[in-house]
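# Breakdown of the fold
Given next are the chains, with one letter for each unit.
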Amino acid sequence: MSRRSPSPILVALLVAGSGFMELLDTTVITTALPHMARTFHVHPVDLNIGITAYVVMLAAGIPLSGWAAERFGSRTIFGLAIALFTIASALCGLSNSLWTFFAARILQGIGGAMMVPVGRLVVLRVTPKSELMRATALITWPALVAPILGPVVGGFLTTYASWRWIFFLNLPIGLIGFLATLVLIQDNGREAKPLDRTGALLSGGSAIAFVYGASLLGSSAGSLLWSCSLMAAGLIGAWATVAHARRHPRPLISFGALATLSFTTTVRGGSLVRLAINAVPFLLPLMLQLGFGRSPVAAGSMLLVLFAGNLGIKPVTTPLMRHFGFRRVLIVNGVILAFTFLGMALISAATPAWVLLPLLLLSGMTRSTEFTAMNTLAFADIPKEGMNSANTLFNLAQQVSFGLGVAVGAILLRLGHVLLGGPDMVGAFRFAFIGIFMICLLGVIDFLPLAPGAGANVSGHRPRRGIPST
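Scoring rules and cut-offs
- Residues numbered from 1 in each chain as written.
- Predicted model: local features only at pLDDT ≥ 70, side-chain atom pairs only at ≥ 80, totals over all residues.
- Heavy atoms only, no water.
- Helix = DSSP H or I, 4+ residues; strand = E, 2+ residues; numbered from the N terminus.
- Buried < 20%, exposed > 50% of the residue type's maximum accessible area, 1.4 Å probe, protein only.
- Areas by Shrake-Rupley, 256 points an atom, 1.4 Å probe, with all protein chains shown as cover.
- Lys, Arg positive; Asp, Glu negative; His and termini not counted.
- Charge placed at Lys NZ, Arg CZ, Asp CG, Glu CD.
- Axes fitted to C-alpha atoms, helices over the stretch in contact; angles between N-to-C directions.
- Parallel < 35°, antiparallel > 145°, perpendicular 65-115°, else oblique.
- Left-handed = near helix turned anticlockwise from the far one by under 90°.
- Contact = heavy atoms within 4.5 Å.
- Nonpolar A, V, L, I, M, F, W, Y, C, P; charged D, E, K, R; others polar.
- Core = buried A, V, L, I, M, F, W, Y, C linked by side-chain atoms within 4.5 Å.
- Expected span 1.5 Å × (residues − 1).
- Polar contact = N/O pair within 3.5 Å; in protein donor to acceptor, adjacent residues only side chain to side chain.
- Phe/Tyr/Trp six-rings, centres within 6.5 Å; stacked < 30°, edge-to-face > 60°.
- Lys NZ or Arg CZ within 6 Å of the ring centre and 35° of its normal.

So, about the overall build of the protein. Secondary structure summary: the protein contains 17 helices and 0 strands in total. Along the longest, intermediate and shortest principal axes, the C-alpha atoms of the protein span 65 × 65 × 40 Å. Counting all 470 residues of the protein, 56% fall into the buried class. Counting only carbon and sulfur atoms, one obtains 71% of the accessible surface of the protein, whose full area is about 19,400 Å². Here the protein contributes 31 positively and 13 negatively charged side chains, and the mean placements of these two sets differ by 5 Å.

Attention shifts here to the packing of helix H9 (residues 197-217) against helix H15 (residues 387-420). Here H9 crosses H15 at 25°, and the two axes come no closer than 8 Å. Classed by the angle they form, the pair H9 and H15 counts as roughly parallel. Here the hand of the crossing between H9 and H15 comes out left-handed. Here Ala207, Phe210, Val211, Ala214 and Leu217 of H9 lie close against H15, whose contacting residues are Leu396, Val400, Leu404, Ala407, Ile411 and Arg414. Across the contact of H9 with H15, the residue classes tally to 10 nonpolar, no polar and 1 charged.

With that out of the way, let us pick up the nonpolar core. Counting 135 residues, the largest nonpolar core has Ile29, Met36, Phe263, Leu284, Phe341 and Phe379 as its most contacted members. In this structure Ile29 touches Met36, Ile51, Phe101, Arg105, Ile166 and Phe167, once residues within four positions along its chain are discounted.

Another aspect to go through is helix H10 (residues 224-247). Look at H10: 35 Å from first C-alpha to last across 24 residues, which is about the 34 Å you get at 1.5 Å a residue. Every buried residue belonging to H10 is among Ser227, Leu230, Met231, Gly234, Gly237, Thr241, Ala243, His244 and Ala245, and all of these are buried. Considering only its buried residues, H10 is in contact with H9 and H15.

We now examine the side chain of Ser401. Inspection of the secondary structure puts Ser401 in helix H15. On the accessibility criterion, Ser401 (2% relative accessible area) is buried. Side-chain polar atoms of Ser401 contact the backbone oxygen of Gln398, separated by 2.8 Å. Every residue in contact with Ser401, bar those within four places of it in the chain, is listed here: Ser271, Arg274 and Leu275.

Attention now moves to the packing of aromatic side chains. Both the distance between ring centres and the angle between the ring planes are used here to describe each pair of aromatic rings. Under the definition given, this model contains 12 aromatic pairs. Measuring from centroid to centroid gives 5.6 Å for Trp165 and Phe168, while their planes differ by 85°, and the two rings are edge-to-face. In this pair, Trp165 and Phe168 both sit in helix H7 (residues 165-168), 3 residues apart, roughly one turn of the helix. Of the residues examined, Phe168 reaches a relative accessible area of 18% and is grouped as buried. Pairwise contacts between aromatic rings join Phe40, Phe101, Trp163 and Phe167 into one cluster. The ring of Phe72 has Arg71 lying over it, and the distance from NZ or CZ to the ring centre is 5.2 Å. Here the guanidinium or amino end of Arg105 rests over the ring plane of Tyr54, the centre of that ring lying 4.2 Å away.

Purely geometric stuff here, so don't read any function into it on its own.
Here it is as C-alpha cells:
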C-alpha cells in the first residue's frame, strides 16, 4: 500500500523553517561577537573566522547537494542535513575556544549547504505548477526575514540570556524539523549516478574562492589585491566548470536550464536585485547609528519596519502575479523597490517618522514581492527532469548574491568616504545607497526581454491581446 502524498504546503512550511534556521545563523552572531570573544579570550575581529567558515562551507557544499539527493534520496539527505546542522549548533553553543567553535561552524555550514537546496528540490518535486506560487512564497520568507531578525535576536539573547542560546535555539527547531521530515517527505527513486569528481572539485573550489574573496572584500581582514585575486580565481573556476560540463557525459551540474529565458533572467538580473536587497540590512542600521547618532536599539527597530512590510504584503503577492503577470510585477515592482533605496539616500537625521516609516514599509513590501516573483518564475518553465540541476544553479547564484550584498555595500561606503572626504559619514552612506539604487535598476532592466505571458502556467495570468504589458 503506497503512502499518501504529503501536502505541498506542509512540505513548504517544513523547508521554510529549516531555511530560516540556516539563514538566521548567517547573521545572528554579529551582535554577540564581543561577548563570545571574552569567553574565548580573543579579539572580536578574530571571530570573523567563524562567520567566514560558515558562509564558505555553505557555498562549497551546494554543488554536491543535487547529486547526493539523487544518489541517496531526498528524504535521507534532507533529514541528515537537519540532524547535522542541529548537532553542530549544539557544539557551537558548547564551545569554549575559538578553534572548537571554528570546527563546529564548518559542520554547520556543511549541514546548511545540503539542507536548503535539497529542501527546495523536494518542494519543486511535490508541488504542482498550479500551487508553485504559494509554496514559493512560503520558502522565500526566510531569505527576507532572517537578515533582518538575525542581529535583533542575537542582541536580545546575548543581553538577557547568553550568547550560547543563539545556537541552542536551533535545537528544538531542528528536532521538530527532523521528525517532520520522517513524516512528510517521501524518498524519491534513487539513481546510482557516479560522482563527477572533476566537476565537484571545480565547482566547489570556484565557489569557495569567490565567496571567500567576497567576504574579505566586505571586511578589512584582507588586502584588495588578495580579495580580487580570489574572486577572479572563482570566476575562472566557474568558466572551467562550464567547459567541463559540456564535455562530460553526466556532469555534476548541467547548465541546460540557462537555455530557458525565464530562468536565466532570474539568475542574472535577479542576482543583481538580490545583491541590492541584501546590502540594505547592512547599510541602513550603520547609517542610522554612525550618520544620525541613533542608538543600536533604535536602529534595529527600523529594520523591524522592513520586516512588517515583508509579512504584510504576503497575502496579496499571489493575486498580484495572477492579475498582472510575472513580467509586469518584476519590472514595475522592481523599479519601485529601487526608488525606495534612492529614498534612503535622501533621508537625514531630521526626517520625520511619518516619512521614514512609510518608506521602509514600502521597501519591505516591494522586496518581498520581488523575491517571491523571481524565485517562482525561475522554475516555472523548467521541466521536472531538469529541476535538480536548475535548483543547484539557482541556489549557487543566490548564495553568491547574498555574500556580495554586504561586500558591495562596504565597498560603496568606503569609496564614498574616499571620494567625498571629510569626517561626515552621511555623504558616504548616501553615495552607497545611490550605488545600490543603480545596481537594482540594472537588474530590473534584465527582465524587459521576458514575454508578457512568461510563467503563465504557474501564475494563471493571461495577457490581453492588443494591450501592452509594460
